[in-house]
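For reference, the chains in residue letters:
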Amino acid sequence: MIPELKKTTEQKMQKTLESLKADFGKVRTGRARTGILDHIQIDYYGSMVPLSQVANVTLIDARAIGVQPWEKKLLPVVEKAIRDSDLGLNPSAMGDVVRVPMPALTEERRKELIKVVRGEAENGRIAVRNLRRDANSVLKDAVKAKTISEDDERRTQDDIQKLTDRYISEVDKLLAQKEQDLMAV
């Protein structure tokens, strides 16, 4: 029971870390990245589908993304969806490609984004701590049911605390890296 508890707790903490990485990926830096358009949905014959399923998304250069819809008539739909997204981007159609220039970030906008990133990191830390709390409550219940000894409970709690510390330090490393990316001009 104890090894399984440790394993599932670590897997959940890893998923939390991966989710945080995905959230950080949505926060744009000054450089162009195709991943920034991943969450944009396009109205395709009455159903909402991800942009990547109806178009090729490529980097044109360091400051621009090119979106080439597979169907020519989707060009204005793609352009409108990118413009209406919460990313603050201003795409323009050039032939059969939608060009999405990435504007340089102002100092004020960088500081706002750092606040957002710090909030995301704190949510990640809270999620990791909640997983620790859940694992510890399972251990307490097992001691009450007399399925494990108190010594086993104490040892396992120490192991789970080490796991928690490791994942929280990973969150801090990701945060420092993202802040550095945001402040780079």
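The model shown is predicted, which means the values in this text are computed figures rather than measured ones.

Draft legend 1. The arrangement of the overall build of the chain in detail. Secondary structure summary: the chain contains four helices and six strands in total. A globule of 185 residues ought to have a C-alpha radius of gyration of about 16 Å, yet the chain, at 22 Å, is considerably larger. In terms of overall dimensions, the chain has a C-alpha envelope of 70 × 40 × 20 Å along the principal axes. Split into buried and exposed, the 185 residues of the chain put 37% on the buried side.

Draft legend 2. How the structure looks around helix α2 (residues 75–84). Those residues of α2 that fall on the buried side of the exposure criterion are L75, V78, E79, A81 and I82. Take α2 and look down its axis: the buried residues cluster within an arc of 165°, on one side only. The outward face of α2, more than 90 degrees from its buried face, is lined by the exposed residues P76 and K80. The inward-facing, buried residues of α2 contact β1 (41–44), β4 (64–69), β5 (92–94) and β6 (97–101).

Draft legend 3. Quick peek at the side chain of N136. Examined against the element boundaries, N136 turns out to sit in helix α3 (residues 107–144). The contacts of N136, once residues within four sequence positions are left out, are Q157 and I160.

Draft legend 4. Just unusual backbone geometry, in detail. We note that Y45 has phi near 55°; this positive angle belongs to a residue other than glycine. Tracing the backbone shows Y45 in the loop between β1 and β2 (47–50). A positive phi angle, near 60°, is found at K146, a position not held by glycine. Here K146 shows up in the loop between α3 and α4 (150–183).

Draft legend 5. Up close: the nonpolar core. Membership of the largest hydrophobic core comes to 21 residues, with the highest contact counts inside it found for L37, L51, I65, V67, V78 and I82. At four residues, the largest contribution of residues to this core is made by α2. With 19 residues, the next largest nonpolar core counts M13, L113, V117 and I168 among its residues.

Draft legend 6. Up close: the packing of aromatic side chains. A complete count under the given rule lists one aromatic pair for this structure. Taking the centre distance of 4.7 Å and the plane angle of 70° together, the rings of Y44 and Y45 count as edge-to-face. What makes Y45 exposed here is its relative accessible area of 60%.

Draft legend 7. Just the packing of α3 against α4, in detail. Taken N-terminus to C-terminus, the directions of α3 and α4 make an angle of 170°; their axes are 10 Å apart at the nearest point. Here α3 lies roughly antiparallel to α4, going by the angle between them. Split by residue class, the contact of α3 with α4 holds 15 nonpolar, five polar and twelve charged.

Conventions we followed
Here the residue numbers are simple positions, counted from 1 along each chain's written sequence. In view of the model being predicted, local features appear only for residues whose pLDDT reaches at least 70, and side-chain atom pairs are presented and counted only at 80 or more, with totals across whole chains, interfaces and linings using the full set of residues. Only hydrogens and water are set aside when side-chain values are computed; all heavy atoms of the structure are taken into account. Numbering of helices and strands starts at the N terminus; helices are DSSP runs of H or I of at least 4 residues and strands are runs of E of at least 2. The globule rule used for comparison is 2.2 Å times the number of residues to the exponent 0.38, while the radius of gyration itself is calculated over C-alpha atoms. Think of it in three bands: residues with accessible area under 20% of the maximum for their type are buried, residues over 50% are exposed, and the middle band is partly exposed, with areas taken using a 1.4 Å probe on protein chains only. What the arc describes is the spread of directions from the helix axis to the C-beta atoms. Note on definitions: a residue-residue contact is assigned when non-hydrogen atoms from the two residues lie within 4.5 Å. Buried residues of nine kinds, namely Ala, Val, Leu, Ile, Met, Phe, Trp, Tyr and Cys, make up a nonpolar core once their side-chain atoms join them within 4.5 Å. Under the pairing criterion, centres of Phe, Tyr and Trp rings, with the six-membered ring standing for Trp, must be within 6.5 Å; the plane angle then separates stacked pairs below 30 degrees from edge-to-face pairs above 60, leaving the rest tilted. With axes taken as lines fitted to C-alpha atoms, and helix axes fitted only over the stretch in contact, angles between N-to-C directions fall between 0 and 180 degrees. Any angle from 65 to 115 degrees is called roughly perpendicular, while one under 35 is roughly parallel, one over 145 is roughly antiparallel, and all others are oblique. Throughout, the ten residues Ala, Val, Leu, Ile, Met, Phe, Trp, Tyr, Cys and Pro are labelled nonpolar, Asp, Glu, Lys and Arg are labelled charged, and all others, Gly among them, are labelled polar.

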